[in-house]
Amino acid sequence: MALTEPIRDPKQVREFLAYYRKLGQTRNQVLVTIALHTALRISDILRLRTCDVYDFANRRARTSITITERKTGKSKIIALHKNIIRALEAHFPQAASNAPLILNLSTNKPISRVHAYRLISEAANAIGVIHKVGCHSLRKTFGYHSWTSGTSPVVIMEIYNHNSYAVTKRYLGVSQDDKNAVYEKLDF
């Protein structure tokens, strides 16, 4: 399996987020929005049920969710970004209370990881991303843009639930251009 990279260009990230919204495909919009704004692994996103993210009694999207990560077994609370809430609210008229959030209509189960990969690749190709993009790219994109906007790598490491900074550093996808920008910016 080839290594994937984050989407580094903020303009392309915005285009990526808008791709399925413009097509009116709310399920796919929810998938990519959650992936980009939470840094969850695709396996954890596909395990989400509608009732995990939507308060049916009050008829609105939740503002946070609690999940137990499949890979690490660790529990975490995730605040839901306003973009996630907007995507969820557009999607909910079509969703049943205990159904998988990212539902495959023909099986009534979550879509497969392969299907998720295809959806992510389709959007990336459509907006002109030229490097290898997959499900994990969105997790890496979250970290890369958090880091470049000033978030401490230690906080990002905690969000990722990584045990070592070395792993987080690989996820951040620091490029030579990023290093050059540091050299060029520093002025004594």
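Refer to the preceding data block for the structure.
Residues numbered from 1 in each chain as written. Predicted model: local features only at pLDDT ≥ 70, side-chain atom pairs only at ≥ 80, totals over all residues. Heavy atoms only, no water.

A.B. asks: In this structure, what is going on with the pairing of strand E3 (residues 64–68)? I would like to understand it.
C.D. replies: Where a strand is regular, its side chains alternate between the two sheet faces. Here E3 shows a buried face lined by Ile-65 and Ile-67 and an unburied face lined by Ser-64, Thr-66 and Thr-68. The turn linking E3 back onto strand E4 (residues 75–79) is made up of six residues, and Gly-73 within it adopts a positive phi angle of 75°. (Buried < 20%, exposed > 50% of the residue type's maximum accessible area, 1.4 Å probe, protein only. Helix = DSSP H or I, 4+ residues; strand = E, 2+ residues; numbered from the N terminus. Pairing = 2+ DSSP bridges.)

A.B. asks: Can you help me understand the packing of helix H1 (residues 10–23) against helix H2 (residues 26–38) in this one?
C.D. replies: Packed helices, taken two at a time, are described by their axes: the angle between them and the distance between them. Put simply, H1 and H2 touch, their axes get as near as 7 Å, and they point 155° apart. The orientation of H1 with respect to H2, classified from their angle, is roughly antiparallel. Here H1 and H2 pass one another in a crossing that is left-handed. The residues of H2 that touch H1, namely those facing Val-13, Phe-16, Leu-17, Tyr-20 and Arg-21, are Asn-28, Gln-29, Val-32, Thr-33, Leu-36 and His-37. Classifying every residue of the contact of H1 with H2 by side-chain character gives six nonpolar, four polar and one charged. (Axes fitted to C-alpha atoms, helices over the stretch in contact; angles between N-to-C directions. Parallel < 35°, antiparallel > 145°, perpendicular 65-115°, else oblique. Left-handed = near helix turned anticlockwise from the far one by under 90°. Contact = heavy atoms within 4.5 Å. Nonpolar A, V, L, I, M, F, W, Y, C, P; charged D, E, K, R; others polar.)

A.B. asks: Is there a simple way to think about helix H5 (residues 82–91) in this case?
C.D. replies: For an α-helix, the turn length of 3.6 residues means that residues three or four places apart are oriented alike. Taken together, the buried positions of H5 are Ile-84, Ile-85, Ala-87, Leu-88 and His-91. With its buried residues spanning 165° around the axis, H5 presents them on a single face. Along its buried surface, H5 packs onto H2, helix H4 (50–53) and strand E2 (60–61). (Arc of directions from axis to C-beta.)

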